[in-house]
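Descriptive analysis of the structure
Below, each chain spelled out in residue letters.
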Amino acid sequence: MNATSATSTQYLDVPGGRLAYDDTRQGDGAPVVLLPGMLDTRAAYRHLHPLLTAAGHRVITMDLRGFGESSIVWDDYSPAAIATDVLALLNHLGIERAVLVGNSYTGATVVKVAGDAPQRVAGIALIDAFVENPPANALMRGVVRAMGALIVHWPAFWGFYHRKLAFPGARPADFDAYVDGLVAAMRTPGRRTATRGHVSGDSAPIGWTAAVRCPALVVMGGKDPDFPDPEAVADRQTAALGARKVMIEGSGHYPMADAPEATAGALLPFLAELA
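The notes below deal with the structure included here. (Residues numbered from 1 in each chain as written. Predicted model: local features only at pLDDT ≥ 70, side-chain atom pairs only at ≥ 80, totals over all residues. Heavy atoms only, no water.)

Let us look at the overall build of the chain. Per the secondary structure count, the chain includes ten helices and eight strands. A compact globule built from 275 residues should have a C-alpha radius of gyration of about 19 Å, and the chain, at 17 Å, falls within 12% of that. Along the three orthogonal principal directions, the C-alpha set of the chain runs to about 45 × 40 × 35 Å. Considering the chain as a whole, with its 275 residues, one finds that 54% of them fall into the buried category. Sequence separation of at least 24 residues holds for 74% of the intrachain contacts in the chain that already meet a minimum separation of 6. Of the side-chain charges in the chain, 23 are positive and 27 negative, and the distance between the mean point of each set is 5 Å. (Helix = DSSP H or I, 4+ residues; strand = E, 2+ residues; numbered from the N terminus. Rg over C-alpha atoms; globule rule 2.2 N^0.38 Å. Buried < 20%, exposed > 50% of the residue type's maximum accessible area, 1.4 Å probe, protein only. Contact = heavy atoms within 4.5 Å. Lys, Arg positive; Asp, Glu negative; His and termini not counted. Charge placed at Lys NZ, Arg CZ, Asp CG, Glu CD.)

Structure follows, in structure tokens:
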């Protein structure tokens, strides 16, 4: 059962594995598909989900390849591969057009879907996404590689990242239990393959935004530790997509968890305009 809603987990078999998702089935306007970030589960949206459904939206959340209740071992874990999963899910559900929301790693996924299948996407929202980031210097590339290796071999480091960096301000009441669950999941058999696939993928593509023509929203935590200057990254994404930008002051890398009301406050007017 997904913590974000009272709907039960459903599954979709696609080439290479099985995807887990849930769907409220009811709501006005274009359905909203929520995609979690790297190494996370669809329960990342457990605090935002009810705010969107209470506003009358049909909400679908999907576990990524390798995590949550989806199959663990795949041959490709990249944002581009996940984009094919999103389209497969839309086809399975008979959804012609949806609003796609991606956090962190899957910001690139929703951009990819919007560029490749514009007729299927009513709009996209990026939440602290790795899209059109300023090119990293050699030092930063080395740091990223080292952190990836640490996460693969010592899952506790992922817990350290959440507890010491990703949430610089407010934390949800269930924070410790949720982080413990993420770390425990990374220790299950076969999960190292999925972790390696995520941390080694091209999570910050340059140029994909050029193909996007739909309305876009950029949401960024003002204290996101993943970016030296979060607002500068948000400005680059906003310019590339012709998007609206909303900074959530005091929030870290996961505004949907540490500031769900503010995140809903950014998303709901955007969704209303697309209805």
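On to the sheet that holds strand β2 (residues 17–23). The strands making up a sheet associate through backbone hydrogen bonding, with each pair oriented either parallel or antiparallel. Within the open sheet, the eight strands sit side by side as β1-β2-β4-β3-β5-β6-β7-β8. Their pairing is mixed. The strands lining the two open edges of the sheet, one partner per strand, are β1 (10–14) and β8 (244–248). On average, each strand axis in the sheet is tilted by 20° relative to the strand beside it, whichever way the strands run. Pairing between strand β3 (residues 32–35) and strand β5 (residues 98–103): four bridges, direction parallel. When the bridges of β5 are listed, Leu35 appears paired with Gly102. Against the sheet, helix α3 (residues 107–116) contacts β3, β5 and β6 (121–127), and its axis sits at roughly 160° relative to β6. (Pairing = 2+ DSSP bridges. Axes fitted to C-alpha atoms, helices over the stretch in contact; angles between N-to-C directions.)

Now for unusual backbone geometry. The phi torsion at Arg25 lies on the positive side, around 75°, for a residue other than glycine. Within the element layout of this structure, Arg25 appears in the loop between β2 and β3. A residue is classified by how much of its surface remains accessible, and Arg25, at 56% relative accessible area, is exposed.

Moving on, we come to the pairing of strand β7 (residues 216–221). Along any regular strand the residues' side chains alternate between the sheet's two faces. Counting buried positions along β7 yields six of six residues, so the element is predominantly enclosed. By the alternation rule, side chains of β7 split into Ala216, Val218 and Met220 and Leu217, Val219 and Gly221, which are all buried. The sheet contact formed by β6 and β7 spans four bridges and is parallel. Looking across to β7, one finds that Leu126 is bridged to Val218. When β7 meets β8, the two strands line up parallel, connected through five bridges. Each bridged residue has a counterpart across the sheet, and for Gly221 the counterpart in β8 is Ile248. Traced from β7 through helix α8 (residues 230–241) to β8, the parallel crossover comes out right-handed. (Right-handed = clockwise from strand over helix to strand, strands pointing away.)

Met62, Leu100, Ile124 and Trp158 are the most contacted members of the largest nonpolar core, which totals 81 residues. What Leu100 contacts, discounting residues up to four positions off in sequence, is Val33, Val86, Val110, Val113, Val121, Gly123, Ile124 and Ala125. (Core = buried A, V, L, I, M, F, W, Y, C linked by side-chain atoms within 4.5 Å.)

Moving on, we come to the packing of helix α2 (residues 79–93) against α3. Viewed as axis vectors pointing N to C, α2 and α3 meet at an angle of 60°, and their least axial separation amounts to 8 Å. As summarised for this structure, α2 and α3 are arranged oblique, according to the angle between their axes. Note on packing geometry: the crossing formed by α2 with α3 is right-handed. On the side of α2, the interface is formed by Pro79, Ala80, Ile82, Ala83, Val86 and Leu87, while α3 contributes Ala108, Thr109, Lys112 and Val113. For the contact of α2 with α3, a count of residues per class yields eight nonpolar, one polar and one charged. (Parallel < 35°, antiparallel > 145°, perpendicular 65-115°, else oblique. Left-handed = near helix turned anticlockwise from the far one by under 90°. Nonpolar A, V, L, I, M, F, W, Y, C, P; charged D, E, K, R; others polar.)

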